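Residue strings, one per chain:
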Amino acid sequence: MKLTDTLLKYQISFASVVPFDWQRFRVKILDFTAGNQALQQQELGDTADFSRFVTQEIQEAGALCGVGGYNEHRVLYRRSPHFQQTTEPREIHLGIDIWAEAGTPVSAPLTGTIHSLRDNANFGDYGPTIILQHELEGTLFHTLYGHLSRASLRDKVPGQTIAAGEPFAEFGPYPENGDWPPHLHFQIIEEMQDWSGDYPGVCSLSDRTMYLANCPDPNLILRIPGL
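In this report, we go over the structure that sits alongside the text. Residues take numbers from 1 onward in each chain, read along the sequence in its written order. Where totals are concerned, whole chains, interfaces and linings use all residues; where local detail is concerned, this predicted model gives features only for residues with pLDDT of at least 70, and gives and counts side-chain atom pairs only at 80 or more. Processing note: side-chain calculations cover all non-hydrogen atoms of the structure and skip hydrogens and water entirely.

1. Remarks on the overall build of the chain
Helix and strand assignments come from DSSP, with helices taken as H or I runs of at least 4 residues and strands as E runs of at least 2, each series counted from the N terminus. Within the chain, the secondary structure is distributed over 5 helices and 12 strands. Computation of the radius of gyration draws on C-alpha atoms alone. For the globule rule, the value is 2.2 Å times the number of residues to the power 0.38. For the chain, the C-alpha radius of gyration of 16 Å lies close to 17 Å, the compact-globule estimate for 227 residues. Summarising its shape, the C-alpha atoms of the chain cover approximately 50 × 45 × 35 Å along the three principal directions. With a 1.4 Å probe rolled over the protein chains alone, any residue whose accessible area is under 20% of its type maximum counts as buried; one over 50% counts as exposed, and the rest are partly exposed. Across the 227 residues that make up the chain, the buried fraction comes to 52%. We call two residues in contact whenever any of their non-hydrogen atoms come within 4.5 Å of each other. By sequence separation, contacts in the chain at least 24 residues apart represent 73% of the contacts at least 6 residues apart. The accessible surface values rely on the Shrake-Rupley method and a 1.4 Å probe; as for residues, cover is taken only from the protein chains in view. Accessible surface, the chain as shown: approximately 10100 Å² in total, 48% of it carbon and sulfur. The positive charge centre, built from 16 side chains, and the negative charge centre, built from 28, are 3 Å apart in the chain. The charge count treats Lys and Arg as positive and Asp and Glu as negative. His and the chain ends do not count. In this description, the location of a charge corresponds to atom NZ of lysine, CZ of arginine, CG of aspartate or CD of glutamate.

2. Some details on the sheet that holds strand 6 (residues 112–120)
For two strands to be treated as a pair, DSSP must find no fewer than two bridges joining them. The 8 strands lie next to each other as 1-2-4-11-8-7-6-9, forming an open sheet whose pairing is mixed. Every interior strand has two partners, whereas the edge strands, strand 1 (27–29) and strand 9 (161–162), have only one. Summarising the sheet, strand 2 (residues 65–68) and strand 4 (residues 96–99) pair through 3 bridges and their orientation is antiparallel. Bridge pairing in strand 4 links G66 to W99.

3. Here's the deal with the environment of L222
Relative to the helices and strands, L222 resides in helix 5 (residues 219–222). L222 gets classed as buried once you look at its relative accessible area, which sits at 6%. Along the backbone, L222 and F14 are 208 residues apart, and their C-alpha atoms lie at a distance of 8.2 Å. When sequence neighbours within four positions are dropped, the list of residues in contact with L222 reads V17, W22, I96, I98 and F186.

So this is what it looks like as structure tokens:
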């Protein structure tokens with residue numbers, strides 16, 4: 001059975017990754033593509049300015065938080081040399097972002113073990129990152145949580161069990177979260193290959209098909225209406 005089919009089969013049983021009731025509260029789907037003219041007027045390299053922009057977008061929509069980004073062709077990665085290290089820049093987002101206040105708790109959607117963890121401290125990178133490994137009907141897969149607080153890494157070790165619904169991390173503040181407005185990058189990864197504590201969350205256009213095949217839509221777990 002394909003991973004996407006397995007996730008659909010168990011979808012109703014997954015615990016919430018963040019403490020938001022998607023059915024009761026409005027969310028703002030944020031657009032970080034070249035088509036967003038307001039975004040192009042921001043100084044994205046200035047994290048405080050970028051953070052004010054995100055907060056304003058959410059507040060003006062009367063929303064609880066901002067969400068979105070899976071398979072989105074984003075211009076905002078031009079703010080960081082980290083995504084411009086090859087002949088072809090990386091601009092395709094492979095996860096879903098949830099933009100909310102630093103300190104927002106993060107829970108495991110289903111029981112798993114810590115595969116690996118690391119503080120990916122480059123400007124614009126994940127910052128503190130935890131990757132969990134899960135198994136459903138003999139199928140192994142992983143969930144990645146990026147832009148956490150440094151405190152989230154404390155007392156965590158590979159192989160440690162994290163129960164479904166157990167809060168195990170929190171959204172980090174900038175600059176320790178990779179220097180981003182506070183948010184969670186949530187990604188599903190089937191095969192980790194040789195990665196540990198890290199896995200690409202953004203890919204190039206030419207690698208898009210390959211990475212999307214290994215990183216199915218995170219909304220199979222999150223279940224955010226409208227995405």
